[in-house]
Structure formats: structure tokens, C-alpha cells
Amino acid sequence: MYRSHNCGELRISHINTEVTLSGWVQKSRNKGFIIWIDLRDRYGMTQLVFDEERTPKEMMKRAEDLGREFVVQVKGKVIERASKNPNMPTGDIEILVSELTILNESKLPPFTIEDETDGGEELRMKYRYLDIRRNPVKNNLIFRHKVTQEVRNYLSKEGFIEVETPYLIKSTPEGARDFVVPSRMNEGQFYALPQSPQTFKQLLMVGGMDKYFQIVKCFRDEDLSADRQPEFTQIDCEMAFIDQEDILNTFEGLTRHLLKEVNGVEIDKFPRMLYDDAMRLYGNDKPDIRFGMAFGELNDVAQHKEFGVFNSAELVVGIAVPGGNSYTRKDIDKLIDWVRRPQVGALGMVYSRCNDDGSFKSSVDKFYDQDDLAKWAEVTGAKAGDLVCVLSGNANKVRAQLSALRMELAERLGLRDPKVFAPLWVMDFPLLEWDEDSERFHAMHHPFTSPKPGQLELLKTKPGDVKANAYDLVLNGNEIGGGSIRIHDKETQALMFDYLGFTPEEAKAQFGFLMDAFEYGAPPHGGLAFGLDRLVAILGGQETIRDFIAFPKNNNGRDVMIDAPAPIDDKQLTELGLKLNLKS
Ligand code: ASP
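Here the structure is a predicted model, which means the values were calculated and not measured.

*Asks:* Summarise the packing of aromatic side chains; cite the residues concerned and give the values.
*Replies:* Under the counting rule described, the total for this entry stands at 19 aromatic pairs. Judged by centre distance (6.4 Å) and plane angle (85°), the ring pair of Phe-448 and Phe-497 falls under edge-to-face. Separated by 49 residues along the polypeptide, Phe-448 in the loop between strand E19 (440-443) and helix H13 (458-461) and Phe-497 in helix H14 (residues 490-499) bring together distant segments of the chain. Like Phe-448, the residue Phe-497 is buried in the burial classification. Among the aromatic side chains, those forming a connected cluster through ring pairs are Phe-307, Phe-310, Phe-367, Tyr-368 and Trp-376.

Right, dumping it as C-alpha cells:
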């Protein structure tokens, strides 16, 4: 028996109990005549004590030599501490050790295994197994477990069945590049790793599973960021015989359940916003609505004067910055520099100060009088003491720029409180999106998404205007889930592939299996998928998804611990019938 109790368990009520504990040496304090050691495991920390009077000399010596992260087993008696530590759950007691066994020694760890560590991120990723011993990482993994457990509880209760789908498949186009896996048994042929189980979950609906979910790894070969990993986890869901309303209610229910069980937050009905409104009011299809600062479009009230910059712009749009009139000229100049950075890309910024006495002072006073500026304030909702910031230019670009400014200012103003949760459904996304590079339309969500009823015809004349039965769930300015009602008849699906530029032969070669299935009684169906890593991070009040993944990849897509990806040897290449043709 390695232990009778864990290291987080013993209390004053256990006084005089003989116990056995196992764990890691967190730290020791040696006063010569007395040695204290903190013993740690997943559950907590317990103080061990060895002293000259009660501990045999030989054991005293061994206790003295214990290094950090040694794995030890001790037997001993629970005694009351002379000086208690109210900050530790086990702080009332300590163990007077009578037997000490070293189960394993440890090299000196490359960084301190403490909440605040001295290790940089790469180093901690290289020794991730040591990083996982630290509370912040350990607690995040436990938190993630709690979330997935609650997901399973809720969906199982609602009648969903968890079904696994294959990883070695044929490409599912979801807008990213596929990871491919060469097949040894089928020389010259490749599997693709799923970008999501999209077609499989649809086939499960054809198979009559009715309500499916899966907590599943997905793979996308995209450029990475703190918020993106090449392999990530989805809570993937699909339902048959439902309409959009059923889906929204079911998954709003799931999200509400998680917020309540995991965060203790109760949220009533989630607001809904049309995609077009989200773009118009926030310049963004995933608006953070924890705070206001909605856009005010100023074309009507700013394009009637001699100010050429505004007159030639497709869109003139502004936001009111609460309390922004307190910014000094220097602060505002810095803000202008900020919007002109290449990452944001604005050419400049016009502003108008809303003074406490109701007057205005703008950077374009030469062109606009007090009445004009009063209208700017009215349209952007600015009050006395605020600052109106105005950008202008190409509508799409300027919306994205002002959205970036809105988020930056909100961050600086402390309006993005991670403890506040503001969910939002964004609905009726466009079906298609114009791609500048390939000069053709792509499916905005994926090619299996159905257009809004009655809009199929519009595809021929104004494809860009067609809206889809597609929805995203947004939480605090992050897309945490998205899905759609699917096409479920062969004709419409064939038409869709046609509009997306697939020849009938290409469509058949890539998706023949799905089109075939649609000929055998496919029920109406739809679904969505949550990005679990991001969802967990946001519920956990943090930004970086890496911190919630046990073994994450770095920004170059590398696992620096196991050193992957890595070359394979010639024998393996030959077996696979592959020859390398490297660019460098
Ligand atoms: N497969 C989609 C995605 O990964 C989700 C869905 O449409 O259900 O975004």
C-alpha cells in the first residue's frame, strides 16, 4: 500500500492517526535540529516533520539529503502543528515521520515547480510533465475535465449518443488545409485527417442515430496563434428532424448548464443578432457585447461639407469612448499611431471631444460646426465627457479597423472583465464568401450548409446576397461554436457543389458517398460544433488555449517535448513509396 491518505486530506480530526503518504518533495526547511518537508501530490500538500529528539539519527540524515521533486513514501503519526498555517487546508497538522522510503530520486528541475515559476514558456513546454505538477496547469486540466464531464452529463440526459468517427479519412473541406497521411498499403494514396467529422455526423443522421455528439480531435493545417492549435478538440453535435430553433434552444441549454455548473453564473435567454447587424454595429461577426460602444454610421451627417477624406469614403463610422475626453492630446496622438499600425491599417483618425459644458472640440473644426458635431455625438451615443473616434474608407476595411479600435479601447478601459459572461447568437450568415485569391465564391461555413428557404434562386443572380441557415455562438467576443441546418437532398447539394465550382465529376469523386446516402432517405438535419479548447479557456477566465491543453504545440506547430514533427528514415519512406523533394 503506497498510501492511506492523499496529501490534501488530513485535518485536525486525524490527530494521532498512523498514516502512510506518498508524493513529491516540494521544498524542505532545515534548521539543523528540525527539518520540515512539504510533500505534494495532485490533491494538495502536507507538512512532514523530522526532529532530533524523536527522529533516529540515520533517518534525520536521509531527510536532510532529500532533493526537490524526490518521490518519497512516509509513514508516521498525525500531530498538531505548533504554528498553524491558515492558508493551507492541511495547515493545522503535520506528520511526525517514523519511516521514510525514497521511491525515486529526481534531477534538479529546470524551473521551479511553484504557482509563480521562473520557467519561460518553451522551457515549460519541453518539460510539460513537470509543468503539469504546478497548480495553475493542473487546475486547468481538472477544470477542463469538469467541463467535458458536464457536457457529457447534459447531452446524455438530452438523449444524445456519443459515437466515434474515423480519423483516417478523405478530405472534408472546411476552409483549411488538410493534414495528410500516406498509406503504405495503398501506395501513392493518402488519407486526410478530419478538419471535423462533418460528413460522418451527417451520415449518422442518415443512419437514424437522431442525436449524436462526440468530443473529438480535429486537424487543420493553418497558421497558428495563441488561440489556435493544429489539432484541437470539438464538441461535435448533430440532430435529425429539427429546425434551427430546436438547435439554438438545445445548445443554448448546454451553454447555460455549463455556465451554471462550472462558473455558478445563471444567464437567462441568450440575445440574438443578425450577421448583417453584427457587422454594421460592431464591424465583427463575433461582437463582444459585455460593453456598448456600438458603431454609429456618420455618412449622412459628415459627407455634406468640404472635407474630402470623408466625402470620398464609402463609409464614415465612429464610436463613443466613455470618458475619453479626459485623454490628453498626446494620448490621442498615440491612439492615432495605434490605428495606423500595419496590423490595423487605418490611414488616420478624426476625433471630436464632448466637453462637459455641451460644446465640442474636434480635429476637423475647420469643416464642421457645433451642430454637425452634436449630430456625431447623437449618432454614436456619445455623452458629455466622451470622445468620438471616427474612421473612414472602404466599408469592409473600415469596419474591421474600428472593431479593432473598439476592442483595444475596451481592454484599456477594463470593460472586458473575464468574470462577466455575455453570450450571443449571431444568425443568418451569408452562404457564400468571395475569395479574392481564387476569384470565386467559397462556402462561408461549409458546402453542406443550406440556404435560407426561398433563396436558392437568388444563387443564380446575386450569390453574395444569399443568406444561410447558419449560426454562431459567441461568448465574450469569441466564436465558441458554429453550425448550420444542412442540405439533405441530392439535387440541392449537387447545385451547391456546382455553384462552388466543382464539376459533377469532382463532386462525385470527393463527395459521392454523401450524395449517394442522400438517395436513401436522408432526414432533415442540422447541428453545430463547439471549440472545446477555447470554450474551456473562456469559462476559465483566460485567453490562451494552450494553458488548457495537456500537451500543446508551440506557434510553429511543434511539440518541443517529443520533438515532433521529425524526419522519418529512408526505410520508412521507401515502404511508403515516397521520395522527398525538399524546398530547402
Ligand atoms: N463542422 C463544422 C465546423 O467544424 C460545425 C458544424 O457545422 O456542425 O465548424
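On we go from here.
*Asks:* I'd like a rundown of unusual backbone geometry, residues and numbers included.
*Replies:* Cis geometry is adopted by the peptide bond preceding Pro-565, which originates at Ala-564 and carries an omega value of 0°. Positive phi values are uncommon outside glycine, yet Glu-69 reaches one of about 70°. For Glu-69, the position within the fold is in the loop between helix H1 (57-64) and strand E4 (71-80). Phi is positive for Met-293, close to 55°, though the residue is something other than glycine.

*Asks:* Quick rundown of the site of the ligand? Include the residues and the values.
*Replies:* Neighbouring residues of the ligand: 14 residues in total, closest Gln-198, Lys-201, Gln-234, His-445 and Arg-486. At a separation of 3.0 Å, a nitrogen atom of the ligand approaches a polar side-chain atom of Ser-196. In the model, an oxygen atom of the ligand is placed 2.9 Å from a nitrogen or oxygen of the His-446 side chain. Within the complex, the protein chains bury 92% of what would otherwise be the 270 Å² of accessible surface of the ligand.

Calculation notes
Residues numbered from 1 in each chain as written. Predicted model: local features only at pLDDT ≥ 70, side-chain atom pairs only at ≥ 80, totals over all residues. Heavy atoms only, no water. Phe/Tyr/Trp six-rings, centres within 6.5 Å; stacked < 30°, edge-to-face > 60°. Helix = DSSP H or I, 4+ residues; strand = E, 2+ residues; numbered from the N terminus. Buried < 20%, exposed > 50% of the residue type's maximum accessible area, 1.4 Å probe, protein only. Near = heavy atom within 4 Å. Polar contact = N/O pair within 3.5 Å; in protein donor to acceptor, adjacent residues only side chain to side chain. Areas by Shrake-Rupley, 256 points an atom, 1.4 Å probe, with all protein chains shown as cover.

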